[in-house]
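So you can see what is in the structure, the chains are spelled out below.
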Amino acid sequence: MKAIRVHDCGGPEVLKYEEIPVPEPKTGEARIRIEAIGLNFIDVYHRTGLYPLNRPFTLGMEAAGVVDLTGGGVSEVKPGDRVAYAMVPEAYAEYAVVPAQRLVPVPDRIEAKTAAAIMLQGMTAHYLTRSTYPLKAGDTALVHAAAGGAGLLLVQIAKMLGARVIGTVSTELKAELARQAGADEVILYTQRDFLAEVKRITDGKGVHVVYDSVGVSTFDKSLDCLRPRGFLVLFGQSSGPVAPFDPGKLAAKGSLFLTRPSLAHYTLDRAELLQRADDLFGWIQSGKVKVRIDRSFPLKDAADAQRELEGRRTTGKVVLVP
Ligand SMILES: NC(=O)c1ccc[n+]([C@@H]2O[C@H](COP(=O)([O-])OP(=O)(O)OC[C@H]3O[C@@H](n4cnc5c(N)ncnc54)[C@H](OP(=O)(O)O)[C@@H]3O)[C@@H](O)[C@H]2O)c1
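Predicted, not measured: the structure shown is a model, and the values here were computed from it. (Residues numbered from 1 in each chain as written. Predicted model: local features only at pLDDT ≥ 70, side-chain atom pairs only at ≥ 80, totals over all residues. Heavy atoms only, no water.)

**Q** What is the right way to look at the packing of aromatic side chains in this model?
**A** Two aromatic rings, taken as a pair, are described by how far apart their centres are and by the angle between their planes. Summed over the entire model, instances satisfying the criterion amount to seven aromatic pairs. Both rings, one in Tyr45 and one in Tyr51, keep their centres 4.9 Å apart while their planes meet at 50 degrees; by these two values the pair is tilted. Members of the aromatic cluster, connected to one another through ring pairs, are Phe41, Tyr45 and Tyr51. The cationic tip of Arg31 hangs over the ring face of Tyr95; the distance from NZ or CZ to the ring centre is 5.7 Å. (Phe/Tyr/Trp six-rings, centres within 6.5 Å; stacked < 30°, edge-to-face > 60°. Lys NZ or Arg CZ within 6 Å of the ring centre and 35° of its normal.)

**Q** Sorry, what's going on with the nonpolar core here?
**A** Ranked by internal contacts, the top residues of the largest apolar core, which has 56 residues, are Leu135, Val169, Tyr211 and Phe281. Residue contributions to this core peak at seven residues, all from helix 4 (residues 149-160). Each residue touching Tyr211, except ones within four places of it in the same chain, is listed here: Leu128, Thr129, Tyr133, Leu135, Ala141, Leu142, Val143, His144, Leu154, Val233 and Phe235. If you look at the next biggest cluster of nonpolar residues, it comprises 33 residues, including Val6, Val44, Tyr92 and Val98. (Core = buried A, V, L, I, M, F, W, Y, C linked by side-chain atoms within 4.5 Å. Buried < 20%, exposed > 50% of the residue type's maximum accessible area, 1.4 Å probe, protein only. Helix = DSSP H or I, 4+ residues; strand = E, 2+ residues; numbered from the N terminus. Contact = heavy atoms within 4.5 Å.)

**Q** Help me understand the pairing of strand 16 (residues 317-321) in this model?
**A** Put simply, side chains in a regular strand alternate between the two faces of the sheet. Counting buried positions along strand 16 gives four out of five residues, so the element sits mostly inside the fold. Direction of pairing for strand 3 (residues 29-38) relative to strand 16: antiparallel, over a ladder of two bridges. Its bridge partner lying in strand 16, Gly38 is registered against Val319. Bridge count for strand 15 (residues 293-298) against strand 16 is five bridges, and the pairing is parallel. The residue of strand 16 that forms the bridge with Arg295 is Val318. The β-α-β motif built from strand 15, the intervening helix 10 (residues 302-310) and the parallel element strand 16 has right-handed crossover chirality. (Pairing = 2+ DSSP bridges. Right-handed = clockwise from strand over helix to strand, strands pointing away.)

Structure below.
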């Protein structure tokens, strides 16, 4: 089968489209014939080595497809089932072997590309707004990179939960997409000081929560956007990692909370995984949440897709098709 492999970490040019053996499922695993692969920023961190993996490795953490073969002791799925998953490596390929526990059944009406688009970013938007800082009606939330993959979903879910949402984006086109997703206010943080704008919009009070996936370029001001006892939910670092931090600052700035969550710890068991997926598929089928697939690339062009993501030229989700 064909797969995108990394032998040496580096820029997008290190991605190699290679022929490797089709993997065999072991006990408790299922083999998936992949129909759509989700592109995520974590793929960039794996490629560059910011999150180290043993080399060589097949990239990718999210896909949807059809169960092709199961190993022994698998009761969760059977051959022919449509499934999707995230946070299991080696998805940039024609086939992948996945622990059956991590597979989510995909409803008939949901296309493979949509399923592959929400398993990582959608589940993340779910846990951030429902569990990490459970949003309630009347809360004000600041969402950075509001037109990104995670961002557009976060804005929609936050609005659904009754929050007032302020989004930040880099361009007018992205601002329009964030507004269409329901953002009440949108700040072009490449042109205006988002801290001053947040203070103005909230009459100096600040927001209850900041969902910050941008990292080093936004972190300090995100803290200053919070009202006393507010939550900074730092869930990524698209602009680069945040430097070591003195917890004393949290007291000085208003007894703030800082958390750095990961999806893995919010889908701890199968019940939690299925519950979050069920909510998401339900919201999509009822039209409450819309999934924007920005572009599809053939798997062999994964390097081009990553260049677009890193270059801030994507909105919503990008998928790869084997
Ligand atoms: N912790 C978790 O569980 C979890 C799960 C999923 C994703 N994440 C994180 O969430 C973040 C977003 O992931 P995503 O896949 O949805 O990507 P994305 O938001 O679609 O793309 C990244 C966006 O970040 C913004 N950005 C700001 N400064 C940037 C810079 N210097 N370089 C590149 N982008 C920059 C850009 O939006 P503007 O042009 O509007 O600024 C860009 O479009 C990533 O950091 C990812 O690791 C974390």
